[in-house]
Amino acid sequence: MSFRDRGVEIKTPEQIEKMRLAGLVVGRTLELLRDAVKAGVTTGELDALAEDHILSSGAVPSFKGYSHPPFPASICASVNDEVVHGIPGDRVLEDGDVISIDCGAIVDGWHGDAAITVGVGEVAADVAELMRVTEEALWHGIAAARLGGRVTDISHAVESYVRSQEHPTGGSFGILEEYVGHGIGSAMHQPPNVPNYGRPGRGPKLVRGLALAVEPMVTLGSSETTLLPDEWTVGTVDGSWSAHYEHTFTLTPDGAWVLTALDGGERRLAELGVPFGGH
Ligand code: MG
Ligand code: MG
């Protein structure tokens with residue numbers, strides 16, 4: 001193991017099975033929330049739904065009490081020009097808004113972490129395109145991961161996909177650089193970092209038992225962000241709207257297994273020509 005692999009947690013197949021259980025709780029919670037998003041609903045109501053569902057599934061919400069100041073909720077709810085880490089509360093969703101929901105759960109000490117962006121009613125065409133590009137970038141990143149490859153193969157694939165797509169109003173997409181994906185396992189955030197940009201072929205080797213959360217955060221404008229006074233919410237400096245999609249995945253000798261996707265990623269991986277490594 002080289003210096004750059006230091007701190008990387010290698011899971012046994014049994015531990016990966018536990019992560020799959022956590023991932024399924026996260027995936028099901030996000031599907032529940034996707035259906036609950038509509039005009040008139042508050043982000044706090046979505047949080048309450050998520051917390052109930054996670055707890056009644058026998059899991060623990062990993063975000064609640066996380067870090068300093070302690071995150072006060074079970075999901076992050078980031079609306080429009082908020083990119084990530086939005087605190088749920090009294091904000092009422094309106095038609096045309098877009099909400100990024102990030103969710104984490106723990107089963108028997110093992111973590112799952114995923115995020116989706118959902119439109120409220122009909123969203124503007126450029127926002128819909130931003131969502132499509134960001135979600136596709138996530139899958140292209142996962143699809144670039146191979147046993148024996150390197151972590152930044154994922155980073156490069158995410159960036160390359162975003163850069164290959166035409167911006168709907170003629171500008172260029174912003175890819176956040178200050179916030180990145182990460183290793184995950186017995187803690188939510190572990191080494192290595194998984195940036196959403198950069199050259200391939202660098203970083204720790206992709207080996208069996210490694211689990212990563214890949215999470216492109218993309219805006220319609222600048223990638224520059226600012227921390228809001230609540231000390232958590234990350235917003236864009238130029239007010240441009242953003243999207244955030246995330247999955248936790250691992251590699252088995254058979255292929256990729258997306259632990260937070262309800263079908264393990266089988267359908268999307270097949271579309272991208274990637275063997276499915278789950279069961
Ligand atoms: Mg997350
Ligand atoms: Mg994450």
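Structure: above.
Cut-offs used in this document
Residues numbered from 1 in each chain as written. Chains lettered and ligands numbered in written order. Predicted model: local features only at pLDDT ≥ 70, side-chain atom pairs only at ≥ 80, totals over all residues. Heavy atoms only, no water. Donors = N, O, S within 2.8 Å, 3.2 Å for Na, K, Ca; no water. Helix = DSSP H or I, 4+ residues; strand = E, 2+ residues; numbered from the N terminus. Buried < 20%, exposed > 50% of the residue type's maximum accessible area, 1.4 Å probe, protein only. Phe/Tyr/Trp six-rings, centres within 6.5 Å; stacked < 30°, edge-to-face > 60°. Pairing = 2+ DSSP bridges. Axes fitted to C-alpha atoms, helices over the stretch in contact; angles between N-to-C directions. Contact = heavy atoms within 4.5 Å. 1 Å grid on protein atoms, 1.4 Å probe; cavity = no way out; pocket = protein on both sides within 12 Å on 5 of 7 lines; lining within 4 Å. Points joined across faces, edges and corners; volume = space filled by probe spheres on them. Nonpolar A, V, L, I, M, F, W, Y, C, P; charged D, E, K, R; others polar. Patch = residues over 30% accessible without salt bridge, like charges linked within 9 Å, V, L, I, M, F, W, Y side chains within 5 Å. Areas by Shrake-Rupley, 256 points an atom, 1.4 Å probe, with all protein chains shown as cover. Salt bridge = Lys/Arg side-chain N within 4 Å of Asp/Glu carboxyl O. Lys, Arg positive; Asp, Glu negative; His and termini not counted. Charge placed at Lys NZ, Arg CZ, Asp CG, Glu CD. Core = buried A, V, L, I, M, F, W, Y, C linked by side-chain atoms within 4.5 Å. Parallel < 35°, antiparallel > 145°, perpendicular 65-115°, else oblique. Left-handed = near helix turned anticlockwise from the far one by under 90°.

A. Here's a closer look at the coordination of the magnesium ion (ligand 2). Looking at the magnesium ion (ligand 2), the protein donor atoms are Asp113 (OD), His182 (NE2), Glu215 (OE) and Glu246 (OE), and they sit 2.1 to 2.3 Å from it. Positions of the donor residues of the magnesium ion (ligand 2) along the chain correspond to the pattern D-x68-H-x32-E-x30-E. A separation of 3.1 Å is found between the magnesium ion (ligand 2) and the magnesium ion (ligand 1), both of which receive a donor from Asp113. Residue Glu215 is found in the loop between strand 9 (211–214) and strand 10 (217–219), and its partner Glu246 is found in the loop between strand 13 (242–244) and strand 14 (247–252); the two are separated by 31 residues along the sequence. This pair shows no difference in class: Glu215 is buried, exactly as Glu246 is.

B. The arrangement of the packing of aromatic side chains in detail. In this structure the tally under the stated criterion is one aromatic pair. On the basis of an interplanar angle of 85 degrees and a centroid distance of 5.1 Å, the ring pair of Phe71 and Trp232 is categorised as edge-to-face. Of this pair, Phe71 sits in the loop between strand 1 (60–61) and strand 2 (75–79) while Trp232 sits in the loop between strand 11 (225–227) and strand 12 (234–236); the two residues are 161 residues apart in sequence, bridging distant segments of the chain. Neither Phe71 nor Trp232 differs from the other in exposure class; each is buried.

C. Local environment of the sheet that holds strand 15 (residues 255–258). Across the sheet, which stays open at both edges, the five strands sit in the order 8-7-9-14-15 with antiparallel pairing between neighbours. Two strands bound the open sheet, and with one partner strand each, they are strand 8 (190–194) and strand 15. Across the sheet, the mean angle separating the axes of adjacent strands is 25 degrees when strand polarity is ignored. Where helix 4 (residues 151–164) meets the sheet, its contacts fall on strand 8, strand 9 and strand 14, and the angle it forms with strand 8 comes to roughly 35 degrees.

D. Representation of empty space enclosed by the protein within the structure. For the structure on display, the rule yields one cavity of 30 Å³ or more. Counted as a void, the largest cavity has a volume near 40 Å³. As for the largest cavity, its lining consists of Leu206, Val207, Leu210, Leu212, Phe249, Thr250 and Leu251. In terms of residue class, the lining of the largest cavity is built from six nonpolar, one polar and no charged.

E. Up close: the coordination of the magnesium ion (ligand 1). Note on the magnesium ion (ligand 1): its protein donors are Asp102 (OD), Asp102 (OD), Asp113 (OD) and Glu246 (OE). The metal-donor distances range over 2.0 to 2.5 Å. When the donor residues of the magnesium ion (ligand 1) are listed from N- to C-terminus, their spacing reads D-x10-D-x132-E.

F. Local environment of a negative patch on the surface. Taken together, the side chains of Glu177, Glu178, Glu224 and Asp238 define an acidic patch exposed on the protein surface. If you trace the backbone, Glu177 turns up in the loop between strand 6 (174–175) and strand 7 (181–183). A relative accessible area of 47% places Glu177 in the partly exposed class.

G. Layout of the nonpolar core. Core analysis: the biggest nonpolar cluster contains 61 residues, and Leu46, Ile99, Ile142, Ile154 and Phe249 have the highest contact counts within it. Here the element with the most residues in this core is helix 3 (residues 125–143); it accounts for nine residues. In this structure Phe249 touches Ile142, Ala145, Ile154, Leu210, Ala211, Leu212, Val214, Ala256, Trp257, Val258 and Leu259, once residues within four positions along its chain are discounted. Counting eight residues, the second largest nonpolar core, distinct from the first, contains Met19, Ile184, Ala211 and Ala213.

H. Here's a closer look at the packing of helix 3 against helix 4. The N-to-C vectors of helix 3 and helix 4 enclose an angle of 150 degrees; their axes lie 8 Å apart at closest approach. By the angle class used here, helix 3 and helix 4 are roughly antiparallel. Seen along the crossing, helix 3 lies across helix 4 with a hand that is right-handed. Within the contact between the two elements, helix 3 uses Arg132, Val133, Glu136, Ala137, His140 and Gly141 and helix 4 uses Ile154, Ala157, Val158, Tyr161 and Val162. Split by residue class, the contact of helix 3 with helix 4 holds seven nonpolar, two polar and two charged.

I. Spotlight on the packing of helix 1 (residues 13–36) against helix 2 (residues 43–56). With their axes 10 Å apart at the nearest point, helix 1 and helix 2 run at an angle of 150 degrees to one another. Crossing hand, helix 1 versus helix 2: right-handed. From helix 1, Val25, Arg28, Thr29, Leu32, Leu33 and Ala36 reach across to helix 2, where they touch Leu46, Leu49, Ala50, His53 and Ile54. When its residues are assigned to classes, the contact of helix 1 with helix 2 shows eight nonpolar, two polar and one charged.

J. Region of the structure containing the sheet that holds strand 3 (residues 82–84). Read from one edge to the other, the open sheet built from three strands follows the order 3-12-11, with strand pairing classed as antiparallel. Each having just a single partner strand, strand 3 and strand 11 make up the two edges of the open sheet. The average angle at which neighbouring strand axes cross in this sheet is 40 degrees, direction not considered. Pairing between strand 3 and strand 12: two bridges, direction antiparallel. If you follow Val84 over to strand 12, its bridge partner there is Val234.

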